[in-house]
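If you want the building blocks of each chain, they are given just below.
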Amino acid sequence: MDDEVKLLGSWLSPMSRRVEVGLKLKGVSFEFSDLDVFFSKPPELLQYDPVHKKIPVLLHHGQPIAESLIILEYIDETWADSGIRLLPKDPYERAMARFWAKFFDDKCNLTLGMSCWTKGDKQQQTLAESKLSLTTLEGGLKGKKFFGGDEIGIVDIIVFCSVYWTEIAQEVVGVDVINEEKHPVLCKWMKETVNSNVLKDYMPPREKLLCHFRTYKDDIAALMNARFGSN
Ligand SMILES: N[C@@H](CCC(=O)N[C@@H](CS)C(=O)NCC(=O)O)C(=O)O
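Residues numbered from 1 in each chain as written. Predicted model: local features only at pLDDT ≥ 70, side-chain atom pairs only at ≥ 80, totals over all residues. Heavy atoms only, no water.

Here we take up the overall build of the protein chain. Each helix and strand counted, the protein chain has eight helices and four strands in total. Reading the secondary structure of the protein chain in the N-to-C direction produces β-α-β-α-β-β-α-α-α-α-α-α. For the protein chain, the C-alpha radius of gyration of 17 Å lies close to 17 Å, the compact-globule estimate for 231 residues. By its C-alpha atoms, the protein chain is 50 × 45 × 30 Å across when sized along the principal axes. (Helix = DSSP H or I, 4+ residues; strand = E, 2+ residues; numbered from the N terminus. Rg over C-alpha atoms; globule rule 2.2 N^0.38 Å.)

Here's what the structure looks like:
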């Protein structure tokens, strides 16, 4: 184990997956604690993230770090000389990467989940919001192969995890959140990224996620509707 690294996460969480991918791209070995956080709060989680009580939490030498974007930056700085750079070296490009990562988390991430799992007016509203936000996000790809430029970077990792989850969820629920007609640039990027083989192998098997969503789709929808309302 490199430097005692432990990740509190869940195989089912795209936010936790971001950090797994970051560690793997850096070649850092780590222990993974697969927690069930959606219907209960395990004591380990309450101990290490008493503020938000959310995964992922990275423990490095026993010290906890919460919030996936902060964790990814920490990983990039701590293991600066191994694997790929997650954030660009150039200060302007670095600021742009942070800008799009924040934009994605503020405007796209939750809305994508809500578009799939809520119902009625709330679903229609979040579908419309997703369409607009993803079109704006496509601006971050202008003239570039990846959000990170010629190589993948932090924004590619976080967007890829969420789009991978969304494409499977939308198939199970029967809703059209992301498609080539609405988001040609994003879909082209997704294909390019899958073909580059860098991230795809770090995702949970498609069939496993599909099967989970099919089995628990009513429970997931009930949880999302209880939290975020159905109108
Ligand atoms: N802003 C946080 C969000 C993390 C997050 O939403 N985690 C979810 C799993 S995907 C969670 O722990 N949910 C449990 C809950 O909300 O009770 C991050 O980027 O790490």
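Structure's up, so let's keep going.
The next thing to look at is the site of the ligand. Inspection of the region around the ligand gives Ser13, Met15, Val37, Phe38, Lys41, Lys54, Ile55, Pro56, Glu67, Ser68 and Arg227 as its neighbouring residues. At a separation of 2.4 Å, an oxygen atom of the ligand approaches a polar side-chain atom of lysine 41. Within the contact set of the ligand, a nitrogen atom lies 2.8 Å away from a backbone nitrogen or oxygen of isoleucine 55. For the shell around the ligand, the class distribution of residues is five nonpolar, two polar and four charged. (Near = heavy atom within 4 Å. Polar contact = N/O pair within 3.5 Å; in protein donor to acceptor, adjacent residues only side chain to side chain. Nonpolar A, V, L, I, M, F, W, Y, C, P; charged D, E, K, R; others polar.)

Adjacent strands of a sheet pair through backbone hydrogen bonds, lying either parallel or antiparallel. Taking strand neighbours across the sheet as the criterion, the four strands line up as β2-β1-β3-β4 in an open arrangement whose pairing is mixed. Edge positions in the open sheet fall to β2 (31-34) and β4 (63-66), since each of these has one partner strand only. Across this sheet, the average inter-strand angle for adjacent strands is 20 degrees, counted without regard to direction. Of the pairings in the sheet, the one linking strand β3 (residues 57-60) to β4 comprises four bridges and is antiparallel in character. When the sheet's bridge partners are listed, leucine 59 is paired in β4 with proline 64. Packed on one face of the sheet, helix α1 (residues 14-26) meets β1 (5-9), β2 and β3 and runs near 155 degrees to β1. (Pairing = 2+ DSSP bridges. Axes fitted to C-alpha atoms, helices over the stretch in contact; angles between N-to-C directions. Contact = heavy atoms within 4.5 Å.)

Another aspect to go through is the side chain of arginine 17. As for its placement among the helices and strands, arginine 17 is situated in helix α1. A polar side-chain atom of arginine 17 sits 3.0 Å from the main-chain carbonyl oxygen of tyrosine 202. If near-sequence neighbours (up to four positions away) are discounted, arginine 17 is found in contact with Trp11, Cys161, Trp165, Tyr202, Met203 and Pro204.

Here valine 198 is to be found in the loop between α7 (184-195) and α8 (206-228). Setting aside its immediate chain neighbours within four residues, valine 198 contacts Leu25, Ile152 and Thr193.

Moving on: the packing of helix α6 (residues 154-173) against α8. Taken N-terminus to C-terminus, the directions of α6 and α8 make an angle of 45 degrees; their axes are 9 Å apart at the nearest point. Considered as vectors, α6 and α8 are oriented oblique to each other. Crossing hand, α6 versus α8: right-handed. Between α6 and α8, the contacting residues are Tyr164, Trp165, Ile168, Ala169, Glu171 and Val172 on the first element and Arg206, Leu209, Leu210, Phe213, Arg214 and Lys217 on the second. A per-class count over the contact of α6 with α8 returns eight nonpolar, no polar and four charged. (Parallel < 35°, antiparallel > 145°, perpendicular 65-115°, else oblique. Left-handed = near helix turned anticlockwise from the far one by under 90°.)

It is common to give the size of an interface as the accessible area that goes away when the parts come together. Domain annotation of the protein chain identifies domain 1 (5-78) and domain 2 (91-228). Each of domain 1 and domain 2 was reduced to a C-alpha centroid, and the two centroids are 20 Å apart. The partner domain 2 presents 25 residues to the 16 residues of domain 1 that form the contact. At the boundary of domain 1 with domain 2, the tally comes to two salt bridges. One salt bridge connects glutamate 73 with arginine 98, and the closest N-O pair in it is separated by 2.8 Å. Counting across the interface, domain 1 meets domain 2 through four residue pairs in polar contact (both at pLDDT 80 or more). (Domains from an automatic or database assignment. Salt bridge = Lys/Arg side-chain N within 4 Å of Asp/Glu carboxyl O.)

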